[in-house]
Amino acid sequence: MTDEQLEAINRYSRRSLTRDEVYVFSVILCDNEVDRDFEQFPLQSLEKLAVLFPGRTGLFDHSPKAEHQSARIFAAEVTGGDTAENSLGEQYFQLKAWAYMLRSEKTRELILEIDGGIKKEVSVGCAVEKAICSICNTDRKSSGCAHEKGKEYDGKLCYHILVNPVDAYEWSFVAIPAQKNAGVTKKYGGALTLGRDSTLEKLFAITGDVLVTKAQSDALAREYIALKAMADMGREYNGALRKEAVRAAALAQPELDPAVLEEVTHRMTPAQLKEFARAFGKAAAKRLPVAPQLAPRGEIIGASAGEGDERFLI
């Protein structure tokens, strides 16, 4: 928590709170994607909501009861606008807010659930001046039209564009939010928007909070899947090297306990396993018979003339 954040929090408290008394987290309230209710906030509406939401309280399931108040927003801003796009082909934007709650026995479990990712999804309660049909541009708040949200007309999806928010009532923790990407952001420790070309390696090097768009999240997921496949191949290769090293050591030193060999080789790097197998393989070759297991007549060491082909080395 920064000094600026603590100062902003204390604008809403009756007395000056200390760092130890408050818990701060960030949350994505909404974005400009078409949501599950087939409604969409354009960028201008998100910018208006960023002004309206500071000071608004956090609830559970939009219940207006005072005992369901859990947190309060002290700052909000619109983020995004990089190369990521929403499903409409527009630049993707999110309304990100920072909220605080008091640390106490009452909130201890909720804080644990937020940190553990249990309490994550959120939904907003607000009022807008207009709800414009995406097909015919009719304001559905003042008049009707023949188009139904969620249906396609000549290949174009019908949804309502929520224009000019006039009030923000509250935001709530819910099980299934209308906004698919709304929720508490992951905390990796300041606030940062992940760049376009970010990789998992860059992500793990970040020491601040990380905000990713849906497109960036998908790209990171694809990278993770590719790296996992490579890791699986590496484990399979390493397993084969370990088996070869154990086999060579067992042939060279039969008195060694196989369990001990397994434990020793399990800790080795691929390079060490290769050297282990090479050295013991060379030693094992000196202990093995010179002749092959099935040797034709005349090639068996020590065989006398006239012995039949029935003599084999097994």
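Quick caveat: nothing in here was measured; it's all calculated off a predicted structure.

## With respect to the overall build of the chain
Tallying secondary structure elements over the chain gives 7 helices and 12 strands in all. Residue burial in the chain is summarised as follows: out of 314 residues, 38% are buried. Total accessible area on the chain stands at roughly 18900 Å², and carbon and sulfur atoms take up 54% of it.

## Structural notes on the confidence of the model for the chain
Of all residues in the chain, 78% have pLDDT values of 70 or greater, and the mean over the chain is 80. Mean pLDDT values over the elements of the chain span from 41, in strand β11 (residues 191-193), up to 95, in helix α2 (residues 43-52). Counting interchain partners and residues more than four positions distant, the pLDDT-below-50 stretch residues 186-196 has 34 contacts. Low confidence marks residues 298-308, where pLDDT is under 50. Its contacts with residues over four positions away, or in another chain, come to 5 contacts.

## Focus: the state of the cysteines
By definition, a disulfide links the sulfur atoms of two cysteine residues through a covalent bond. Considering all chains together, one arrives at 0 disulfides under this definition. Free cysteine: C30, not disulfide-bonded; nearest cysteine sulfur from C126 at 7.0 Å. The class for C30 is buried, based on a relative accessible area of 0%. Left without a disulfide partner, C133 is nearest to the cysteine sulfur of C136, which lies 3.8 Å away.

## As for the packing of aromatic side chains
Both the distance between ring centres and the angle between the ring planes are used here to describe each pair of aromatic rings. Here the structure, examined in full by the defined rule, presents 6 aromatic pairs. An aromatic cluster is defined as three or more aromatic residues linked by ring pairs; in this entry it consists of Y23, F25, W171 and F173.

## So, the layout of surface pockets
Here the second largest pocket defines a volume of roughly 450 Å³. Considering the residues around the second largest pocket, the lining is formed by 18 residues, among which Q69, S70, A71, L102 and T107 are closest to the centre. Counting residues per element, the ones that place at least two in the lining of the second largest pocket are β3 (57-60), β4 (71-85), β5 (91-102) and α3 (105-115). In terms of residues, the lining of the second largest pocket owes the most to one element, α3, which gives 5 residues.

## Description of the pairing of strand β9 (residues 160-173)
In the sheet, strand β2 (residues 39-40) pairs with β9 via 2 bridges, with the strands oriented parallel. Bridge pairing in β9 places Q40 opposite I161. Judged from the 3 bridges that link them, β3 and β9 form a sheet pairing that is parallel. Note on β9: the bridge partner recorded for L59 is S172. In terms of strand pairing, strand β6 (residues 122-133) meets β9 through 11 bridges, oriented antiparallel. The residue of β9 that forms the bridge with A131 is L162.

## Notes on α3
For α3, the complete set of buried residues consists of T107, L110, I111 and I114. Summarising the axial view, the buried residues of α3 lie within an arc of 105°, below the 170-degree limit, and thus occupy one face. Set apart from the buried face of α3 by more than 90 degrees, the exposed residues are E105, E109 and L112. Downstream of α3 by a residue or two, G117 has a phi angle that is positive, lying close to 80°.

## So, the nonpolar core
Ranked by size, the top nonpolar core spans 31 residues in total, and within it F25, L29, F53, L95, M101 and W171 carry the most contacts. Among residues more than four places away in sequence, those in contact with L95 are V27, I28, L29, C30, L46, L49, A50, F53, A76, E77 and V78.

## Thoughts on the environment of K151
Examined against the element boundaries, K151 turns out to sit in the loop between β6 and β7 (152-153). C-alpha of K151 to C-alpha of F38: the two residues are 113 residues apart in sequence and 9.4 Å apart in space. Setting aside its immediate chain neighbours within four residues, K151 contacts K156, L157 and C158. Within polar-contact distance, the side chain of K151 engages the side chain of E148 at 3.2 Å.

Scoring rules and cut-offs
- Residues numbered from 1 in each chain as written.
- Predicted model: local features only at pLDDT ≥ 70, side-chain atom pairs only at ≥ 80, totals over all residues.
- Heavy atoms only, no water.
- Helix = DSSP H or I, 4+ residues; strand = E, 2+ residues; numbered from the N terminus.
- Buried < 20%, exposed > 50% of the residue type's maximum accessible area, 1.4 Å probe, protein only.
- Areas by Shrake-Rupley, 256 points an atom, 1.4 Å probe, with all protein chains shown as cover.
- pLDDT = per-residue confidence, 0-100.
- Contact = heavy atoms within 4.5 Å.
- Disulfide = S-S within 2.5 Å.
- Phe/Tyr/Trp six-rings, centres within 6.5 Å; stacked < 30°, edge-to-face > 60°.
- 1 Å grid on protein atoms, 1.4 Å probe; cavity = no way out; pocket = protein on both sides within 12 Å on 5 of 7 lines; lining within 4 Å.
- Points joined across faces, edges and corners; volume = space filled by probe spheres on them.
- Pairing = 2+ DSSP bridges.
- Arc of directions from axis to C-beta.
- Core = buried A, V, L, I, M, F, W, Y, C linked by side-chain atoms within 4.5 Å.
- Polar contact = N/O pair within 3.5 Å; in protein donor to acceptor, adjacent residues only side chain to side chain.

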